[in-house]
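A closer look at the structure
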Amino acid sequence: MLDLRLKKVSLGYGDQLVLEGIELEAKPGEILGVIGPNGCGKSTLIRGISRIITPSSGRIFIDGQNIDVMSRSNLARMVAVVPQSPLLPESFTAFELVLMGRTPHLGRFSYEGEKDVAIVQRAMEVTQTIAFARRRLKELSGGERQRLVIARALAQEPKVMLLDEPTAHLDINYQVEILDLVSQLCRQQGLIVVATLHNLNLASQYCDQLVMLHGGRIYSRGSPGAVINKQAIKEVYGAEVYVYPHPVNSLPMTFIVPSEDGHRQRSRKLG
Amino acid sequence: MAKENIARKSAALELSHVSAGKKVLLYHLGWRNRLYAIAGLGLLLVLVIVLASAIGSTHISLSTVGSMLLARLPFVEIPTAWVGSLEIIIFDIRLPRVMLAGLVGAALAVAGATYQGLFRNPLADPYLIGVAQGAALGAVIGFLLPGNWHIASFGFIPLLAFAGALMAVAVVYAVARVGKTLPMTTLILAGVALGAFLASITSYLVITSGEKLHGIVTWLLGSFSLARWGEVMVVLPYVLVGTVVIWFYARPLNVMQLDEEQAQQLGINVERVKLILLAAATLITAAAVCFCGTIGFVGIIIPHAVRLIWGPDHRFLLPLSTLAGASFLILADAVARTVMAPAEIPIGVITAFLGAPFFLFLLRQKRRAIF
C-alpha cells in the first residue's frame with residue numbers, strides 16, 4: 001500500500017540540527033497533524049519531505065522509493081506542498097497560477113494540452129475557485145488565494161499533500177472551509193495529508209493522527225485524544241490550559257485561562 | 001456535524017460543474033489574442049525594416065525597396081526596374097544597419113525581460129550585473145591601445161568589449177555564489193559593486209584619453225554608423241541561439257515568479273534554470289553591446305510596455321519583447337540618422353527621448369500594477 005515513511009530522519013540548516021531521529025508513517029485517506037510550539041521544526045519537516053533541504057541522516061520513502069534518488073519533477077509528481085503564506089505573482093490570473101501545478105507533468109518542449117486544462121478545471125471546481133479563474137491574484141482575498149494554492153497542489157495530481165499552517169492568517173470561516181476541503185479531498189482521493197497546525201483545536205477536530213514535536217524530537221503521537229492533554233501541553237508549550245471534550249464529538253478541546261494578574265487587571269477595567 | 005458539513009459541500013460541488021466549459025474557452029481566448037499579437041508584431045517588424053531601409057539621404061520609394069527585398073527571396077521573380085546604385089545603397093549600407101539595430105534591439109529587450117523575471121525585480125535591465133561596465137572598460141582599453149589593431153577585418157575594440165562584459169559577469173558570479181546556490185540578491189549587489197568599480201576605472205581612462213576622447217564617447221553613447229554585414233553575422237549567432245534558449249525556458253521562468261522554494265516544489269530545477277538563463281541573457285547582451293556601445297532604456301522599457309499590454313506570461317512576454325525591441329530600435333536608429341542629417345544623434349538619446357513619453361503614456365493609460 002502507498003505510504004510515506006520517515007526513518008531516523010535528522011534535518012537542519014548547516015551544522016544546526018532542528019529535528020533529530022524523526023520516525024513517521026502516514027497512510028492514504030488520513031490527515032496526519034504535526035503540532036508543537038513555534039520553532040519546534042514543523043516547517044522544517046515539510047521542507048525536508050519536499051526536499052528543499054536534505055536530511056543530514058536518515059531516509060524518507062514514498063511508496064517504498066527513497067526521495068533522494070528522484071528527480072525534482074518526479075518528486076513533484078508525488079508530493080505537492082501548500083506553503084505557509086506563499087509569495088504569489090500578483091499580476092498572473094488564478095487560472096495561470098493553478099496551471100503551474102501541471103509543471104512537473106510537462107516536458108521542456110511541450111505545452112499544456114486538453115488533458116492539463118481539464119485537470120486544472122477539475123481542481124478549480126473542487127476548490128470552488130473556477131468562478132474567478134480569469135481574475136488577477138492581487139484582486140483576490142486571503143481565503144481565495146489559499147484555495148488557489150490548494151487547487152495548484154491538486155493539479156499536480158500528487159500522492160502526498162503537505163500543508164504548512166494552511167489556516168494561518170485566515171478568519172474562522174475560512175479556517176473551517178479550508179480544512180473541510182482538505183479532509184474531503186484526503187478521503188475522496190486517498191491522499192496522504194501531512195499538515196502542520198498551531199491551533200490545537202483545529203488539529204484535534206480535523207486530524208486522524210497527531211504528532212507532537214518538542215525539542216527537535218517526537219514528544220508523543222497517536223489519536224487527538226491520546227496526544228492533547230493538560231500535562232503534555234504544559235510540558236511542551238509551557239502553557240497552563242484546560243482540556244475538555246468537545247460537546248458534540250467529544251474530541252479534546254483546549255481552553256486557556258488568562259494568568260491571575262491579567263485577569264485582575266481586566267476585571268478592574270471592566271468594573 | 002462535520003460529516004453533514006462535508007455532504008453539504010459535496011452537493012455544492014456537483015452544481016459548480018455546469019458552466020465550466022465556457023471558462024476554459026475564455027481562457028483559450030486570452031491565448032489566442034496573444035498569438036495574434038505575436039503575428040501582428042512580426043508583420044510590423046517586416047514593415048519597419050522596409051520603411052527604415054527607404055528612409056535616408058537618397059530617397060527611395062517604399063515600393064522599390066519592397067520589390068528589391070522580395071526579388072532576393074528564393075522562387076520570387078520580379079523584373080528589375082531600378083538602378084544598380086540603389087541596390088548598393090539598400091543592400092550594402094542601409095539593410096545591414098537596419099538588421100544590426102534590429103538584432104541589438106531584440107537582444108536587449110529579451111535580455112531585459114529575462115533579467116526582470118529572474119530577479120523578480122522590475123528595475124532589472126540587461127546591464128544590471130556589470131555587463132555594460134565590463135564592456136565599456138574593455139572597449140576603452142581597446143581605444144587606448146597603441147596602433148590600429150584589426151583581427152579578421154574587425155576592430156580589436158568589439159572583441160575587448162565582449163571579453164570585458166563576460167569577464168565582469170564571471171567575477172560577479174564567482175563572488176555571489178554560495179556553495180551550489182546563487183542567491184539573486186547577492187548577485188545584484190555584487191554586480192552593482194563591481195560595476196561601480198569598473199566604471200570608475202573607465203571614467204579615469206576617459207578623462208585622460210586626450211585626442212581619442214571623441215571616438216570613445218561616441219562608442220559609449222551607442223551608434224550603428226559602422227554597421228556592415230560582417231558585424232551582423234558576428235552578432236547574429238549569439239542573439240539567435242541565446243534568444244531561442246531563453247524562449248524555451250519561458251514556462252520555468254513563469255513558475256519562478258513564485259518564490260524559489262515553491263518553484264522547486266513544482267519540480268523546477270531552480271539552480272540550473274537560473275544558470276542557463278543568466279548565461280544566455282548575458283551572452284546576448286555582451287554580443288549586442290560589443291559593436292554599438294551601451295544603449296540604454298530598450299531593455300527596461302520594452303518588456304514593461306509588453307507586460308502592460310499583454311500580461312506577465314513569459315511565453316508571450318519573451319517573443320513579444322523580442323519583436324517589439326527589434327522594431328523599436330530600428331525606428332529609433334532611423335530617427336537618429338535622419339533628424340540632423342548628415343550628422344547623427346547618439347541612439348541612446350533617441351531611445352530615451354522617444355521611449356520614455358510613450359511608456360509614461362502607457363503607464364497612465366493602464367493604471368495597473370504591472371509586476
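What you see is a predicted model, and the numbers here were worked out from it, not measured in a lab.

Definitions and limits used
Residues numbered from 1 in each chain as written. Chains lettered and ligands numbered in written order. Predicted model: local features only at pLDDT ≥ 70, side-chain atom pairs only at ≥ 80, totals over all residues. Heavy atoms only, no water. Helix = DSSP H or I, 4+ residues; strand = E, 2+ residues; numbered from the N terminus. Rg over C-alpha atoms; globule rule 2.2 N^0.38 Å. Buried < 20%, exposed > 50% of the residue type's maximum accessible area, 1.4 Å probe, protein only. Areas by Shrake-Rupley, 256 points an atom, 1.4 Å probe, with all protein chains shown as cover. Lys, Arg positive; Asp, Glu negative; His and termini not counted. Charge placed at Lys NZ, Arg CZ, Asp CG, Glu CD. Contact = heavy atoms within 4.5 Å. Pairing = 2+ DSSP bridges. Axes fitted to C-alpha atoms, helices over the stretch in contact; angles between N-to-C directions. Core = buried A, V, L, I, M, F, W, Y, C linked by side-chain atoms within 4.5 Å. Parallel < 35°, antiparallel > 145°, perpendicular 65-115°, else oblique. Left-handed = near helix turned anticlockwise from the far one by under 90°. 1 Å grid on protein atoms, 1.4 Å probe; cavity = no way out; pocket = protein on both sides within 12 Å on 5 of 7 lines; lining within 4 Å. Points joined across faces, edges and corners; volume = space filled by probe spheres on them. Nonpolar A, V, L, I, M, F, W, Y, C, P; charged D, E, K, R; others polar. Salt bridge = Lys/Arg side-chain N within 4 Å of Asp/Glu carboxyl O. pLDDT = per-residue confidence, 0-100. Phe/Tyr/Trp six-rings, centres within 6.5 Å; stacked < 30°, edge-to-face > 60°. Lys NZ or Arg CZ within 6 Å of the ring centre and 35° of its normal.

1. With respect to the overall build of chain A
In terms of helices and strands, chain A carries 10 helices and 12 strands. Over its C-alpha atoms chain A spans a radius of gyration of 20 Å, differing by no more than 12% from the 18 Å that the globule rule assigns to 271 residues. In terms of overall dimensions, chain A has C-alpha extents of about 65 × 45 × 35 Å along its principal axes. Counting every position in chain A, which comprises 271 residues, the buried fraction comes to 55%. When the accessible surface of chain A is split by element, carbon and sulfur atoms take 49% of a total near 12,100 Å². The average position of the 31 basic charges and that of the 27 acidic charges among the side chains of chain A differ by 2 Å.

2. Some points on the overall build of chain B
Tallying secondary structure elements over chain B gives 15 helices and 2 strands in all. Looking at chain B residue by residue over its 371 residues, the buried ones come to 51%. A fraction of 76% describes how many contacts in chain B between residues 6 or more apart in sequence connect residues 24 or more apart. Accessible surface for chain B amounts to roughly 17,100 Å². Of this, 72% is attributable to carbon and sulfur atoms.

3. Description of the sheet that holds strand β1 (residues 4–13) of chain A
Residues and elements named next belong to chain A. Taken in spatial order, the 4 strands of this open sheet run β2-β1-β4-β5, and their pairing is antiparallel. Every other strand in the sheet has two partners, leaving β2 (16–26) and β5 (65–66) as the edge strands with one partner each. When β1 meets β2, the two strands line up antiparallel, connected through 7 bridges. Paired with Leu4 across the bridge in β2 is Ala26. Sheet strands touched by helix α1 (residues 42–49): β1, β2 and β4 (57–62). Its angle to β1, the strand with the most contacts, is close to 115°.

4. Notes on the nonpolar core
By size, the foremost hydrophobic cluster in this structure holds 171 residues, and its most contacted members are Phe119 and Ile295 of chain B. It is helix α4 (residues 84–119) of chain B that provides the largest number of residues to this core, a total of 20 residues. When neighbours within four sequence positions are excluded, Ile295 of chain B is seen to be in contact with Val104, Leu108, Tyr127, Gly222, Phe224, Leu329, Ile347 and Thr351 of chain B. Among the nonpolar cores identified, the runner-up in size contains 30 residues, and Val9, Ile22, Val34 and Leu75 of chain A belong to it.

5. So, the packing of helix α9 (residues 229–248) of chain B against helix α12 (residues 270–292) of chain B
All names here are of chain B. Interhelical geometry of α9 versus α12 gives an angle of 160° and a closest axis separation of 9 Å. By the criterion of interaxial angle, the relationship of α9 to α12 is roughly antiparallel. α12 is crossed by α9, and the crossing has left-handed handedness. Contact residues: Glu231, Val234, Val235, Tyr238, Val239, Gly242, Thr243, Val245 and Ile246 in α9; Ile276, Leu277, Ala280, Ala281, Leu283, Ile284, Ala287 and Phe291 in α12.

6. Description of the layout of surface pockets
Looking at the largest pocket, its volume works out to about 920 Å³. Taken together, 41 residues line the largest pocket, and the ones lying closest to its centre are Gly267, Ile268, Asn269, Val270 and Val273 of chain B. Contributions of two or more residues to the lining of the largest pocket are made by α2 (72–78) of chain A together with α7 (184–207), α9, α10 (250–255), α11 (260–265), α12 and α14 (314–338) of chain B. For the lining of the largest pocket, the element with the most residues is α12 of chain B, which contributes 5 residues. When the residues that make up the lining of the largest pocket are grouped by side-chain class, the tally is 18 nonpolar, 10 polar and 13 charged.

7. With respect to empty space enclosed by the protein
Enumeration over the complete set of coordinates arrives at 6 cavities of 30 Å³ or more. Taken as a whole, the largest cavity encloses approximately 100 Å³ of empty space. Along its surface, the largest cavity is lined by Phe92, Glu96, Leu99, Met100, Thr103 and Glu112 of chain A together with Arg251, Asn254, Val255, Asp313 and Arg315 of chain B. Among the elements of the structure, α3 (94–99) of chain A together with α10 of chain B are those that each provide at least two residues to the lining of the largest cavity. Looking at the lining of the largest cavity, its residues break down into 4 nonpolar, 2 polar and 5 charged.

8. Quick notes on the sheet that holds strand β8 (residues 192–196) of chain A
All names here are of chain A. Spatially, the 6 strands line up as an open sheet ordered β6-β7-β8-β3-β9-β10, and their pairing is mixed. Because the sheet does not close on itself, it has two edges, and the strands there are β6 (79–82) and β10 (217–222). The average angle at which neighbouring strand axes cross in this sheet is 20°, direction not considered. Strand direction decides the pairing type here: β6 and strand β7 (residues 160–164), joined by 4 bridges, are parallel. Residue pairing in the sheet places Val82 in a bridge with Leu163 of β7.

9. Here we look at the side chain of Gln146 of chain A
By the secondary structure assignment, Gln146 of chain A is in helix α5 (residues 142–155). Exposure remark for Gln146 of chain A: the relative accessible area of 9% places this residue in the buried category.

10. A few points about the pairing of β10 of chain A
Residues and elements named next belong to chain A. Relative to β10, strand β9 (residues 209–214) runs antiparallel, the two being bridged by 5 bridges. Directly across from Val211, in β10, lies its bridge partner Arg221. Connecting the antiparallel pair β9 and β10 is a turn made up of 2 residues, with Gly215 showing a positive phi of about 60°.

11. So, the pattern of salt bridges
All names here are of chain B. Under the definition given, this model contains 21 salt bridges over all chains. Between Arg337 and Asp333 there is a salt bridge, with the nearest N and O atoms lying 3.7 Å from each other. With Arg337 and Asp333 both in helix α14 and 4 residues apart, the pair spans about one turn of that helix. In this structure Arg337 comes out as buried when scored by relative accessible area, which is 14%.

12. Description of the environment of Leu275 of chain B
You can see Leu275 of chain B is positioned in helix α12. For the pair formed by Leu275 of chain B and Tyr173 of chain B, sequence separation is 102 residues and the distance between their alpha carbons is 9.7 Å.

13. Focus: the confidence of the model for chain B
Residue and element names in this part refer to chain B. Averaged over chain B, the pLDDT score is 82; the fraction of residues at 70 or greater is 88%. Averaged pLDDT values over the elements of chain B bottom out at 44 in helix α1 (residues 2–15) and peak at 93 in α14. Per-residue pLDDT stays below 50 along residues 6–19; that stretch engages in 16 contacts with residues further than four places along the chain or on separate chains.

14. Quick look at the packing of aromatic side chains
Aromatic ring pairs are described here by two measures, namely the spacing of the ring centres and the angle between the planes. Enumeration over the complete set of coordinates arrives at 4 aromatic pairs over all chains. With centroids separated by 5.8 Å and ring planes inclined at 10°, the aromatic side chains of Tyr115 of chain B and Phe119 of chain B adopt a geometry described as stacked. A residue pair is termed a helical-turn pair when its members lie 3 or 4 positions apart in one helix, as Tyr115 of chain B and Phe119 of chain B do in helix α4 at 4 residues. The residues Tyr115 of chain B and Phe119 of chain B share a single accessibility class, namely buried. The ring centre of Tyr242 of chain A lies 5.0 Å from the NZ or CZ of Lys230 of chain A, which sits over that ring.

15. So, the pairing of β9 of chain A
Across 4 bridges, the pairing between strand β3 (residues 30–35) of chain A and β9 of chain A is parallel. Considered in β9 of chain A, the bridge of Val34 of chain A is made with Val211 of chain A.

16. Some details on the environment of Pro224 of chain A
Residue and element names in this part refer to chain A. You can see Pro224 is positioned in helix α8 (residues 224–227). Between the alpha carbons of Pro224 and Gly33 there is a distance of 9.1 Å; along the sequence they are 191 residues apart. Those residues in contact with Pro224 that lie beyond four places of it in its chain are Ser204, Cys207, Asp208, Leu210, Leu251 and Pro252.

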